[in-house]
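Secondary and tertiary structure notes
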Amino acid sequence: MSITVSTARGNALLPEHEMLSGRGALSRRQVMIGAAGLSFAFALLPRTAARAATLAAEAHGPVADRTGKALSPWVSIAPDGTVSIMSPATEMGQGTLTSLPRIIAEELDADWADVRVVPAPPLEKIYGNPGFGGMMYTAGSNAVTSYFTPLRTFGAQVRRVLIDNAARHWDVPVAELATEPGTVVHAKSGRRLTYGEIAGFAALPDKAPEIKPADLKKPSAFRLIGHDVQRVELPTKVNGSATYAIDVQVPGMIYGTVQRAPVEGAAPDAVDDAKAMAVKGVIRVVRLPYGVAVLAETPWAAFEAKEALARTVTWSRSGKAWGFDSDKGLVEFQSAARDLAIKGFDWDKQGDAPAAMDKAASVIDAAYACDYAYHAQMEPLNAIASVSAAGDAAEIWCGTQSQTMAQEAVANVLGIPREKVKLNYYLMGGGFGRRGHRDEEFIIDAVLLAKEAGRPVKVLWQREDDVHNGRFRPLTAHYLRAGLDASGKLVALHHRVAGDRVLPFADPVRYKAAKERDPILMRGVELKSYDIPHQLSEQLYRDTGVRTSPLRGIGFTANKFVIEAFLDEVAQKRGIDPVQFRFELLKDTPRGRAVVEKVAAMADWGRRRDGRELGFAFIDYSGTLVAGIAEVSLHRQSGRIKVHDFWCAIDCGIAVHPDNVAAQTESSIVYGLGLSLSERISIRDGAVQESNFYDYQVPRMDEVPAMHVEIVATDNHPTGVGQMATPLVAPAIAGAVARLTGVRLRHSPFTPERVKQALG
Amino acid sequence: MQTKFNVNGNPVATEAPSHTPLLWVLREDLKLTGTKFGCGTGLCGACMVHIDGKRAYSCQTQMSEVAGRSVTTIEGLSPDSSHPLQKAWLAENVPQCGYCQSGQIMSAADLLQRKPIPTRAEIIDHMTTNICRCGTYQRIVRAIERAAREA
C-alpha cells in the first residue's frame, strides 16, 4: 500500500497540481498536517479508490475546495488534543454514531473524552459501507459488521504514525514506545507526548504503515470495545435540542403537503382547488405526476387545504394495484403455495428435498400466512429542498438511511450531476427500513415543489399520509413439508413462499445487481445452522402493485415465524421437547446450542406455570445467533394474548457496545410484539385502509413484557443486533399458545378476532 | 387575531388563526422544536407539553384555548437538563431514536408532580398515552422509578 502525503501549514495549502501529483499509485490515505493538526483520510475500497476519493472530494463543493483544503478525513487530531472522528452511518436510534467512531478510537488508543464525532459527508469512496458495495447506506444491521476491520486498521495506522513521530522526536527506537489513551509514552525516560502535541510537529511518512491483523489489539486488551459508554447524541435527546430533519427551517421557506394517489402509478385526473385556495395562507395548488400538492405559508394552512382538496381529486386508473384486495389476494397466494404443480424459483437448496420427501417414513405439512405491516417510525416523512432558479443545482435537508440514494435520487429527477446536489442529513426519528428506498420519494416531493415554487419548500407528511402511502412488509403465504425418517429424524424440509415482491419495487438497482433475487422477501428461509440434510426453499413471485419495503427483520419476520412455528409442530408430533429438538438440530452449531442453553436456563424452561405457557424460537440472522422464550397467557373470551416475560440470549460475536446490544434487542422484541399481535395493513381496491394509530396499533407500555436480555460473549467478528430478535417473537408466542390451547396460530398477526376464530 | 400566552416563563404573541394547534405555533413560529409532531390526533404523545402545569397534547390544543395561559415545553423543563427525569433518562440510557422522548419526559413530569412516588402500575397506566416505536418502555419505567427515588 502506498500513500500520498500533502502538507499544509495553516491555511497555506499545497497547490492543486502537487496535491494530485503522481507519486506513483495514488494514495489510500491523505495525511494533512499543519497548525490545524493532523488529518487522515482513508478509502475503504482498494486500488484506485484514493484517486476517486480525491476527485469526489473536489466534486462535492461543500466537502472540499479545489486545493483539497477541506478534503474529508476519517480522523483529525488538533493541537489541543481534540480527535475528530467521522461516523459514516446515519443515526436512527441504533447507536452507530457512537459505536463506529469507538472502533477507530480503540485502535488509535484515543482518550474517548477527547473524541468528537462528526457525521461523514457523502463521499462513498472514503466512507462507503463495504457491506453494500461501497454505497453509503445504513441498513441490514450491518454497519458494525462491515466497518469493523477497516476502522480498526485505520485507527492502528494513525496510532503508528503518531508513535513514529514521537520516536523521531525523542530519537529513540519505536519498540521502546507505547501508548496510553491520547498519549505516547517512553517508559525508559519517563517522557510523554500527547497526541495533540505530536500533531503540532509531526512529519509524515511516504507510505502508510502496514498493519497486519496480528498487530491489532487482542480483544482482552480492549478499553472501549466491549465497554459501555453514553451514546454521543443522548444528552440532546432529553432536552429537545436533538435536531431531526422535521425541525429544520431555512430562510424563505414555505410549506408543502401532497395528496398522493391511493395506488402507485396512478395520477391526478380532475382537481377542484377552489376550496383549498380559499384557505388563508395557501399560496398555490400544484399538480404533480403522482398527486396534488398544496404550498402554503404555514403547515396548518397546508394541512387544511389538503383536506379540502382531497375530497375533490379523482385519479386515473393507471397503476397495477387497482382492484387488489389483500384478503382475496392472500387466498390466491395460499392456494399457489400449496399447489406443488406450480413450480417456484429455487431460492435456496441443499441435497434433494423432493426425493428425500418421497422416501421419508412420514411427512408433516402446514400452511402459514403473514400480513402487510407498516414501519410507523415516529417522525413522519419530511424533507426540505431548495432548487436553483436555473434548475441546475439543489440543496436538501432530510433524514435518510442512505446518503448515496438521497443525492442520486435528487440528481436523477432534476437531470443534473450528483455533485450539484448538496445534502444535509440529520438524526432520524426512526427508520426501520422506510428511509432507504432508491427513489427517496419523500425528498423528491420537496424537490419538485421547490422547483415549482422558486423557493425552499419543507414538505410534511401527516401521519395519515405516512400510513396511506406506506411501503410495507410484504403479504406472504407459506406452505411447508417436513420429511422424517423411520427414527423420527428430520431429514427434509420444503418451504414454498408466495409473497409480494419487495426489492424490485424498493430498490430496482440493487435487485438487478442481486441478479433478480429478492433477499428482502426471502432471507430467513435458509437453515444453515440446523442439521437438516435436504432443504428446498421456493419463491412464487407475486407482484400485486402494492408498495412494499424492507421492514425491520425483513424476510425473517415471516419466514422465521413459519419455520420455527412449524418445527414446534414437528417436535409436538414427535412428542419431544422443542428445546431438546433444537439441540438435536444444532448438533454442528455450538454457538447456537450455547444461546439455546442460556435462554432455557434464564427462563427456567422446564418449570410449569399456572395458567401460562412458554414458547421457544431460535434464529441465526446474518451471523448473529439468538434464542427467545415467551411466557404467555390467553384470555379466551376476548382472544387477547398477553406476553408476560420475554427472555432472549444473543451471541453477536464481540459486543462492541454491550448496553446498546441489550437496548437494540429490547427494542427488537417490542417491534416483534407489534408485528405478532396487532399490526396489519389491509388493502381494498389497491388502497390502504388504515390511517393512524387508532387503527394501526403499535405496542404501548401496558402491553410490553418484562424483557430479560443476556449477551453470550464470544470473540467472533461482531455481527448485527438492530433487528435480530424481532423475528423470535411470533413463533415463541405461537408455541406458547399451542401449549396452552392445543391450537396452532398460523396467520400473523394474532389479532383477538383471529385467535377466537382459531379456538373455534 | 393575536393570541398572547406564556411559554417557558416568557410572554409571547402569535397571529396564527385561533384554531391552529399549539404544536405548530411552538415548532414553526417559536422554533421550540423539542415538541414533536407524531400523529396529529392525540394518539402518540410526542407533542406533550404542560399547560398551567398539567400535561396536554399540543396537537389537540387550539390557540384559542391557550390565550392567557402558561405553556411549558421540554426546553423549559429545566435550564440545563437537570430535572431528575432528564438525569434519570440519561442514567438509564433510555432514548434510541429519541423522537418521542420529549413527550415521554413531559408526561412523566406531569405524573411525578402529582404523585412523587408512583407505583409501577401507576407509571404504566399514566404513560400508556405515549408511544415509543423504538420500544424503550422498560427503560422509561426504570428511569421514572429512578427519578422518583433520587428527586
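Just so it is clear, the model here is predicted, and its values are computed rather than measured. Counting of residues starts from 1 at the beginning of each chain's written sequence and follows it residue by residue. As a convention, the first chain written is A and the first ligand written is 1, with the rest following in written order. Given that this is a predicted model, residues contribute local features only at a pLDDT of at least 70 and side-chain atom pairs are listed and counted only at 80 or more, while totals for whole chains, interfaces and linings are drawn from all residues.

**Things to note about the overall build of chain A**
The helix and strand labels rest on DSSP assignments: H or I over at least four residues marks a helix, E over at least two residues marks a strand, and numbering proceeds from the N terminus. Within chain A, the secondary structure is distributed over 22 helices and 30 strands. The size measure is the radius of gyration over C-alpha atoms, and the globule rule it meets is 2.2 Å times the number of residues to the 0.38 power. The C-alpha radius of gyration of chain A comes to 28 Å, within 12% of the 27 Å expected for a compact globule of 760 residues. C-alpha atoms of chain A, sized along the principal axes, occupy 80 × 70 × 45 Å. The burial label depends on the number of other C-beta atoms within 10 Å of a residue's C-beta. Counts of 20 or more mean buried, 12 or fewer mean exposed, and intermediate counts mean partly exposed, with C-beta atoms placed from the backbone. Residue burial in chain A is summarised as follows: out of 760 residues, 58% are buried. Two residues qualify as being in contact provided that their C-beta atoms, derived from the backbone, are within 7 Å of each other. At a minimum sequence separation of 6, the contacts of chain A that also span at least 24 residues come to 76%.

**Description of the overall build of chain B**
Across its full length, chain B holds seven helices and five strands. The globule rule puts the C-alpha radius of gyration for 151 residues at 15 Å, and the 15 Å found for chain B is close to it. Across the 151 residues of chain B, 60% fall into the buried class. In chain B, of all internal contacts separated by at least 6 residues, the share reaching a separation of at least 24 is 61%.

**So, the domain arrangement of chain B**
Residues and elements named next belong to chain B. Domains are outlined according to an automatic or database domain assignment. Looking at the assigned domains, one finds that chain B contains domain 1 (3-76) and domain 2 (84-150). Distance between the C-alpha centres of domain 1 and domain 2: 21 Å. Contacts between domain 1 and domain 2 engage 15 residues on the former and 12 residues on the latter. Contributions of two or more residues to the side of domain 1 that touches domain 2 are made by β3 (48-51) and β4 (54-57). Among the elements that make up the side of domain 1 that touches domain 2, the one with the highest residue count is β3 (three residues). Residues are sorted three ways: Asp, Glu, Lys and Arg are charged, Ala, Val, Leu, Ile, Met, Phe, Trp, Tyr, Cys and Pro are nonpolar, and all the rest, Gly among them, are polar. When grouped by side-chain class, the residues that make up the side of domain 1 that touches domain 2 number six nonpolar, six polar and three charged.

**Observations concerning the sheet that holds strand β14 (residues 291-296) of chain A**
Residue and element names in this part refer to chain A. One open sheet accounts for seven strands, arranged β13-β14-β12-β20-β17-β18-β19; its pairing is mixed. Because the sheet does not close on itself, it has two edges, and the strands there are β13 (282-288) and β19 (421-425). For this sheet, the mean angle separating the axes of adjacent strands, direction not counted, is 20°. Geometry is summarised by axes, namely lines fitted to C-alpha atoms with helices restricted to the contacting stretch, and by angles between N-to-C directions that run from 0 to 180 degrees. Contacts from helix α12 (residues 441-453) reach β12 (254-260), β13, β14, β17 (382-387), β18 (394-398) and β20 (457-460) within the one sheet, and its direction differs from that of β17 by about 35°. Two strands are counted as paired when DSSP detects at least two bridges linking them.

**As for helix α9 (residues 326-338) of chain A**
Each helix should span, by expectation, one fewer than its residue count multiplied by 1.5 Å. When the terminal C-alpha atoms of α9(A) are compared, their 18 Å separation across 13 residues agrees well with the 18 Å that a helix rising 1.5 Å per residue should span. Packing partners of the buried residues in α9(A) comprise β16 (362-370), β21 (476-484), β22 (490-500), β23 (534-542) and β27 (683-684) of chain A.

**Comments concerning the environment of A274(A)**
Residues and elements named next belong to chain A. In this structure, A274 sits in helix α7 (residues 274-277). What makes A274 exposed here is the crowd of 10 C-beta atoms within 10 Å. For the pair A274 and A305, spaced 31 residues apart in the sequence, the C-alpha separation amounts to 9.7 Å.

**Some remarks on the interface of chain B and chain A**
On the side of chain A, 46 residues touch chain B, which itself brings 42 residues to the contact. Looking at the side of chain B that touches chain A, the elements that each hand over two or more residues are α1 (22-29), α3 (74-77), α4 (84-91), α5 (101-114), α6 (120-127) and α7 (137-150) of chain B. Counted by class, the side of chain B that touches chain A contains 21 nonpolar, 18 polar and three charged residues.

**Describing the pairing of β18(A)**
Residue and element names in this part refer to chain A. Across the five residues of β18, five count as buried, placing the element largely inside the fold. Residues A394, I396 and C398 of β18 are buried on one face, and the alternating residues E395 and W397, pointing to the opposite face, are buried as well. Pairing between β17 and β18: five bridges, direction antiparallel. Paired with I384 across the strands is W397, a residue of β18. As judged from the five bridges shared by β18 and β19, these two strands associate in the parallel manner. Across the sheet, A394 pairs through a bridge with V421, a residue of β19.

**Notes on the domain arrangement of chain A**
Often, the extent of an interface is quoted as the loss of accessible area upon association of its parts. When cut into domains, chain A gives domain 1 (4-221), domain 2 (245-317 + 381-460) and domain 3 (326-373 + 472-759). Grouping the amino acids of the side of domain 1 of chain A that touches domain 2 of chain A by side-chain chemistry returns nine nonpolar, four polar and two charged.

**Describing the packing of helix α11 (residues 403-414) of chain A against α12(A)**
Two packed helices can be described by the angle between their axes and the distance between those axes. Residue and element names in this part refer to chain A. Relative orientation of the contacting elements α11 and α12 amounts to 40°, with a least axis distance of 10 Å. Classified by the angle between their axes, α11 and α12 sit oblique to one another. Classified by chirality, the crossing of α12 by α11 is right-handed. Of the residues in α12, those touching α11 at A406, A409, V410, V413 and L414 are I443, I444 and V447. Of the residues assigned to the contact of α11 with α12, the class counts are eight nonpolar, no polar and no charged. Between 65 and 115 degrees an angle is taken as roughly perpendicular, under 35 as roughly parallel, over 145 as roughly antiparallel, and anywhere else as oblique. The handedness criterion is simple: a crossing whose near helix is rotated anticlockwise from the far helix by less than a right angle is left-handed, and one whose near helix is rotated clockwise is right-handed.

**A short note on the confidence of the model for chain A**
Residues and elements named next belong to chain A. When pLDDT is averaged along chain A, the result is 91; 90% of the residues meet or exceed 70. Confidence of the predictor at the level of single residues is captured by pLDDT, which takes values from 0 to 100. This model gives residues 1-36 a pLDDT under 50, and the stretch forms 74 contacts once residues within four places in sequence are excluded. Across residues 42-71, where pLDDT falls below 50, the model places 70 contacts with residues more than four positions away in sequence or in other chains.

**Some details on the sheet that holds β23(A)**
Residue and element names in this part refer to chain A. The six strands lie next to each other as β15-β23-β22-β21-β16-β30, forming an open sheet whose pairing is mixed. If you trace the sheet from one side to the other, it starts and ends with β15 (345-350) and β30 (747-748), each paired once. The sheet contact formed by β21 and β22 spans nine bridges and is antiparallel. By the bridge assignment, G483 is partnered in β22 with A492. Across the sheet, helix α17 (residues 554-574) lies against β16, β21, β22 and β30, angled at about 145° from β16, the strand it touches most.

**Quick word on the packing of helix α3 (residues 96-108) of chain A against helix α5 (residues 143-170) of chain A**
Residue and element names in this part refer to chain A. Taken N-terminus to C-terminus, the directions of α3 and α5 make an angle of 35°; their axes are 6 Å apart at the nearest point. Once α3 is placed against α5, the crossing between them reads as right-handed. Mapping the contact onto sequence places T96, S99, L100, I103, I104, A105, E106, E107 and L108 in α3 and A143, V144, Y147, F148, L151, R152, F154, G155, A156, V158 and R159 in α5. Looking at the contact of α3 with α5 residue by residue, the class counts come to 13 nonpolar, three polar and four charged.

**Focus on the pairing of strand β26 (residues 640-651) of chain A**
Residue and element names in this part refer to chain A. Relative to β26, strand β25 (residues 624-635) is paired through 11 bridges, and the arrangement is antiparallel. Paired with L634 across the two strands is I641, which belongs to β26. Across six bridges, β26 lies against strand β29 (residues 706-711) in parallel orientation. When the sheet's bridge partners are listed, D645 is paired in β29 with A706.

**A closer look at the confidence of the model for chain B**
Here chain B averages 97 in pLDDT, while 100% of its residues score no lower than 70. Confidence estimates for the predicted assembly give a pTM of 0.93 and an ipTM of 0.99.

**Quick look at helix α19 (residues 590-603) of chain A**
Residues and elements named next belong to chain A. Given a rise of 1.5 Å per residue, 14 residues ought to cover 20 Å, and the 20 Å separating the end C-alpha atoms of α19 matches this to within 8%. G592, V595, V596, V599, A600 and A603 are the residues of α19 that are buried. Seen along its axis, α19 keeps its buried residues to an arc of 130°; they face one direction. On the buried face of α19, the contacting elements are α18 (578-585), β24 (613-621), β25 and β26. In the stretch just after α19, D604 is the one whose phi turns positive, near 55°. As used here, the arc belongs to the directions running from the helix axis to the C-beta atoms.

**Observations concerning unusual backbone geometry**
All names here are of chain A. A cis amide bond links S748 with the next residue in sequence, P749, at an omega value of 5°. Here P749 shows up in the loop between β30 and α22 (752-759). In this structure, K515 is a non-glycine residue whose phi angle is positive, near 55°. Assignment of secondary structure puts K515 in the loop between α15 (508-513) and α16 (519-522). The backbone of D604 shows a phi angle near 55°, a positive value even though the residue is not glycine. Mapped onto the fold, D604 is located in the loop between α19 and β24. Residue D604 is classed as partly exposed on the basis of its 13 C-beta neighbours within 10 Å.

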